[in-house]
Amino acid sequence: MIQTQALTFQYSKKAPVFTFPNISLSSSEHLLIIGQSGIGKTTFLHLLAGLLSPKSGSIKVGTTNLEKLSQKDLDRFRGDKIGFVFQRNHALKTLTVLENLQLRLRLANPMAPEKQITALLQTLQLTHVQHQKPHSLSLGQLQRLGIAMALVHHPKLILADEPTSSLDDENCKMVMELLLKQAEEKQSNLIVITHDHRIMPYFSNVLKL
């Protein structure tokens, strides 16, 4: 589950203060966040991931209060429990698709079986490019690699920033079904922010910022 309370954020003393609504999601409950550009959607997602520290308020993932963790413990918790689909690809340029996924899995759980990687590569139609490096991939393949890196360690909280924006209708459907299936199997929370109205039918909970 994930809960936020009285959450605010400010990039600098002279910058405006973002104020976010409280959310409370039980296990396996999902949320779609929509809103105009500049309203703070990505900021909100980065706060939930512990990538930003709030000005005030609290964030609770499961039984863990993120704002009470040391930076070292927060990094460890995020690496183990949170999967983040970024707008921009964060794969290491010097590693192949397969090596990036192997590294991500080892960082979360050195004992995890690599069959998790094989299954994801097949589902996301990346098997044929698994030995290529990110610079040789198409935009859609890069986005699917980012999704694979977010899911390979079976996180309890899946956060996705515009996960389907560069995908055609077929791959959009495939990615959303994969995200929801992963969340259901692992009883994870899925929170997505997007401008893509194609994915609205997949969610019963919609928050407009």
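Residues numbered from 1 in each chain as written. Predicted model: local features only at pLDDT ≥ 70, side-chain atom pairs only at ≥ 80, totals over all residues. Heavy atoms only, no water.

Under an unreviewed UniProt entry, the name given to the protein chain is Putative ABC transport system ATP-binding protein, and the organism recorded is Pustulibacterium marinum.

### Overview of the UniProt feature "domain: ABC transporter" (unreviewed entry) in the protein chain
With numbering matched to this structure, UniProt assigns "domain: ABC transporter" (unreviewed entry) to residues 2-209. Helix makes up 34% of residues 2-209 and strand 21%, and the two end C-alpha atoms of the span are 18 Å apart. (UniProt positions renumbered as here; feature names shortened; annotations may be inferred. Helix = DSSP H or I, 4+ residues; strand = E, 2+ residues; numbered from the N terminus.)

### Here we look at the sheet that holds strand β8 (residues 157-161)
The strand order across the open sheet built from five strands is β7-β8-β9-β4-β10, with neighbouring strands paired in parallel fashion. Sheet topology places β7 (82-85) and β10 (206-208) at the edges, where each strand pairs with a single neighbour. Going across the sheet, the axis of each strand differs from the next one's by a mean of 15°, ignoring polarity. Across three bridges, strand β4 (residues 31-34) lies against β10 in parallel orientation. The residue bridging isoleucine 34 from the neighbouring strand is lysine 208, located in β10. Relative to the sheet, helix α1 (residues 41-48) contacts β4, β7, β8, β9 (189-193) and β10, its axis offset from that of β8 by approximately 155°. In the packing of helix α5 (residues 139-151) onto the sheet, the strands contacted are β7 and β8, and the crossing angle to β7 comes to about 170°. (Pairing = 2+ DSSP bridges. Axes fitted to C-alpha atoms, helices over the stretch in contact; angles between N-to-C directions. Contact = heavy atoms within 4.5 Å.)

### Considering the pattern of salt bridges
The full count for this structure, using the stated rule, is seven salt bridges. As a salt-bridge pair, arginine 76 and aspartate 73 come within 2.8 Å of each other at their nearest N and O atoms. With arginine 76 and aspartate 73 both in helix α2 (residues 71-81), this residue pair falls three residues apart, about one helical turn. Here arginine 76 falls in the partly exposed class, since its relative accessible area comes to 47%. (Salt bridge = Lys/Arg side-chain N within 4 Å of Asp/Glu carboxyl O. Buried < 20%, exposed > 50% of the residue type's maximum accessible area, 1.4 Å probe, protein only.)

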